[in-house]
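Commentary on secondary and tertiary structure
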Amino acid sequence: MINRHNWRGTLEAVCIPIAALLCSLILFGIFCALAGANPFEVYGSIYKAAFGNWYSFQNTLIRAAPLMLSALCTALPARLGLVIIGNEGALVIGGIGAVAAGLALSSAPATIVQIGMALAGMICGGLWIGAVGALRHYRAVNETISSLLLNYIAIALLNHLVSGPMRDPSSLNKPSSYPIAEVNMLGTIPGTRVHYGLIYGLIACAIAYFLIQRTTFGFAARTAGGNVRAARIAGLPVGKLTMAICFLAGSCAGLAGMVEVAAVHGRANESLNANYGYSGILVAFIARHNPLAATLVAILLGGILASGGILQRAHGLPDATVLVFQGLVFLVVLYSESLYGRLAIFKEGIGKKDQGTGPDSLPPIPNPQAPIPS
């Protein structure tokens with residue numbers, strides 16, 4: 001017999017995010033109409049720029065790679081009940097660490113340099129978000145506030161380093177670090193323009209899903225996220241779980257920073273702060289913190305980001321219009337979180353009799369005058 005509760009819960013988990021996206025499309029269409037553009041033509045241009053042909057789709061995949069990795073920075077701690085939004089800071093710090101490693105190992109073979117950059121980016125990003133977990137566990141500092149503030153510290157540190165100790169004297173108008181040698185850059189997947197960062201993102205999401213859903217470590221994290229007091233009573237090491245999850249989350253965002261400098265920019269500069277971290281938060285929430293679902297959402301959002309230029313050229317809308325779209329989606333998705341468990345259509349109603357949980361299945365009220373059986 002099909003478990004009606006699981007069936008309804010699955011339907012709810014699918015329908016509410018889709019309804020939220022549709023509502024966002026309507027609101028964005030109203031915004032475009034007020035700005036003097038035809039909403040349907042705008043949507044057509046977005047589709048054309050994101051998925052219209054193979055060339056456009058490759059641009060979408062290039063933008064989706066860092067989104068997948070940065071989304072894990074929010075999705076993994078969420079399983080522990082933590083709301084971390086320090087994705088942008090961890091990405092920036094990971095990029096700085098990757099550049100430093102790439103320059104320090106420049107004389108080594110290309111494979112060693114790339115591995116060194118990846119490890120450096122992951123370690124730097126992991127320690128950055130690990131500090132958030134430490135503040136939360138040892139000093140009870142709210143992780144949302146601390147991770148948000150660390151974003152600004154990371155960006156300020158990036159600006160200081162590329163304008164001072166790490167600055168390439170030849171970078172005049174746009175302060176940047178010394179470039180990574182071309183031979184040490186991440187290559188592209190054969191036959192495409194898409195770099196190997198996409199493979200990193202897909203592998204990381206698959207590993208994260210397996211870790212959370214198929215291991216005792218993930219079960220312990222989900223248990224602690226459901227009821228931390230019960231987890232402590234059960235003897236689970238909540239502190240170690242918090243530190244480990246935060247480090248893993250930060251390492252994913254740090255790897256996204258490494259991908260950006262080693263596959264796109266070739267050096268560290270203000271372009272590293274491209275808001276992929278903030279967009280990753282949106283990906284995580286739309287995907288309901290499911291690492292596998294995050295891959296699909298990242299591709300969808302990557303397509304929206306790729307359409308900024310065509311909206312400006314074809315419809316006279318500002319390039320930042322896609323950011324308005326992202327903001328609307330984020331607000332509607334956040335509101336939709338309050339609907340889970342409240343809509344009658346997804347609640348147990350007619351049909352409970354089949355499960356023995358409806359009113360007709362209750363045992364008869366005993367007669368107080370009846371004799372007590374011996």
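Structure report, in brief. Fair warning: this is a prediction, and the values are worked out from it, not measured in the lab. (Residues numbered from 1 in each chain as written. Predicted model: local features only at pLDDT ≥ 70, side-chain atom pairs only at ≥ 80, totals over all residues. Heavy atoms only, no water.)

**Some remarks on unusual backbone geometry**
Even without being glycine, Ala-140 reaches a positive phi, approximately 60 degrees. Its identity as a non-glycine residue notwithstanding, Arg-288 has a phi of 60 degrees, on the positive side. As for its placement among the helices and strands, Arg-288 is situated in the loop between helix H11 (276-286) and helix H12 (291-306). (Helix = DSSP H or I, 4+ residues; strand = E, 2+ residues; numbered from the N terminus.)

**Quick notes on the pattern of salt bridges**
Applying the stated criterion across every chain, the model contains three salt bridges. For Asp-168, the salt bridge identified is with Arg-267, shortest N-O distance 3.6 Å. With Asp-168 in the loop between helix H6 (143-163) and helix H7 (197-214) and Arg-267 in the loop between helix H10 (238-265) and H11, this pair connects stretches of sequence that are 99 residues apart. Since its relative accessible area comes to 8%, Asp-168 is described here as buried. Overall, Arg-267 belongs to the partly exposed group, its relative accessible area being 22%. Residue Glu-337 is joined to Arg-288 by a salt bridge in which the shortest nitrogen-to-oxygen separation is 2.8 Å. Here Glu-337 is found in the segment after helix H14 (321-336), whereas its partner Arg-288 is found in the loop between H11 and H12, with 49 residues between them in sequence. With relative accessibility at 30%, the residue Glu-337 sits in the partly exposed group. (Salt bridge = Lys/Arg side-chain N within 4 Å of Asp/Glu carboxyl O. Buried < 20%, exposed > 50% of the residue type's maximum accessible area, 1.4 Å probe, protein only.)

**A few points about the layout of surface pockets**
What the largest pocket holds in volume is close to 430 Å³. Of all the secondary structure elements, the ones that give two or more residues to the lining of the largest pocket are helix H1 (4-34) and H12. Among the elements that take part in the lining of the largest pocket, H1 stands out by supplying six residues, more than any other. Here the lining of the largest pocket is composed, by residue class, of 11 nonpolar, three polar and two charged. In this structure, the second largest pocket is lined by 17 residues; those nearest its centre are Arg-63, Ala-274, Tyr-276, Leu-305 and Asp-319. Looking at the lining of the second largest pocket, the elements that each hand over two or more residues are helix H3 (54-78), H10, H11, helix H13 (308-315) and H14. Within the lining of the second largest pocket, the residues separate by chemical class into eight nonpolar, six polar and three charged. (1 Å grid on protein atoms, 1.4 Å probe; cavity = no way out; pocket = protein on both sides within 12 Å on 5 of 7 lines; lining within 4 Å. Points joined across faces, edges and corners; volume = space filled by probe spheres on them. Nonpolar A, V, L, I, M, F, W, Y, C, P; charged D, E, K, R; others polar.)

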